[in-house]
Amino acid sequence: MACDPKIANRLKRAEGQIRGILKMMDDDKPCQEIMPQLLAVRSSVDKVMGLVVAENLKRCLDESGTASDEKIDEALKMITKL
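Analysis parameters
- Residues numbered from 1 in each chain as written.
- Predicted model: local features only at pLDDT ≥ 70, side-chain atom pairs only at ≥ 80, totals over all residues.
- Heavy atoms only, no water.
- Helix = DSSP H or I, 4+ residues; strand = E, 2+ residues; numbered from the N terminus.
- Buried < 20%, exposed > 50% of the residue type's maximum accessible area, 1.4 Å probe, protein only.
- Contact = heavy atoms within 4.5 Å.
- Salt bridge = Lys/Arg side-chain N within 4 Å of Asp/Glu carboxyl O.

J.: I'm lost on the overall build of the chain in this one. Help?
T.: When helices and strands are tallied, the chain shows 3 helices and 0 strands. Reading the secondary structure of the chain in the N-to-C direction produces α-α-α. Relative to its full complement of 82 residues, the chain shows a buried share of 15%. The long-range fraction of contacts in the chain, counting pairs at least 24 apart against all pairs at least 6 apart in sequence, stands at 53%.

J.: Explanation requested: the pattern of salt bridges in the structure shown.
T.: Two side chains bearing opposite charge may form a pair once their charged atoms approach each other closely. For the structure on display, the rule yields 2 salt bridges. Here Asp27 makes a salt bridge to Lys23, at a shortest N to O gap of 2.8 Å. Asp27 gets classed as partly exposed once you look at its relative accessible area, which sits at 42%.

J.: Mind showing me how you'd approach the environment of Ile21 here?
T.: With respect to the element layout, Ile21 can be found in helix α1 (residues 5-26). According to the relative accessible area criterion, Ile21 is buried, its value standing at 5%. Separated by 13 residues in the primary sequence, Ile21 and Ile34 have C-alpha atoms spaced 6.5 Å apart.

J.: Where do I start with the environment of Lys47 in this structure?
T.: Mapped onto the fold, Lys47 is located in helix α2 (residues 31-64). For Lys47, a relative accessible area of 43% gives the class partly exposed. For the pair Lys47 and Arg10, spaced 37 residues apart in sequence, the C-alpha separation works out to 8.8 Å.

Put into structure tokens, the structure is as follows:
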């Protein structure tokens with residue numbers, strides 16, 4: 001799967017947030033400051049996962065002209081694992 005630049009940027013931003021969280025932990029910051037950052041990373045990754053699944057489904061539709069039940073089931077399985 002080719003990586004869309006927008007998705008790559010989101011992942012790079014999440015990577016930077018994780019580095020920031022590690023620094024906060026090294027600096028012995030309190031849990032109350034770290035948890036919002038962890039939630040932000042989770043939200044960001046969840047969004048990327050949704051975009052990847054949506055892009056995959058769109059690509060399947062474009063290739064076949066219509067979505068087969070099998071392709072729709074495959075996409076739904078990916079979504080429900082989120």
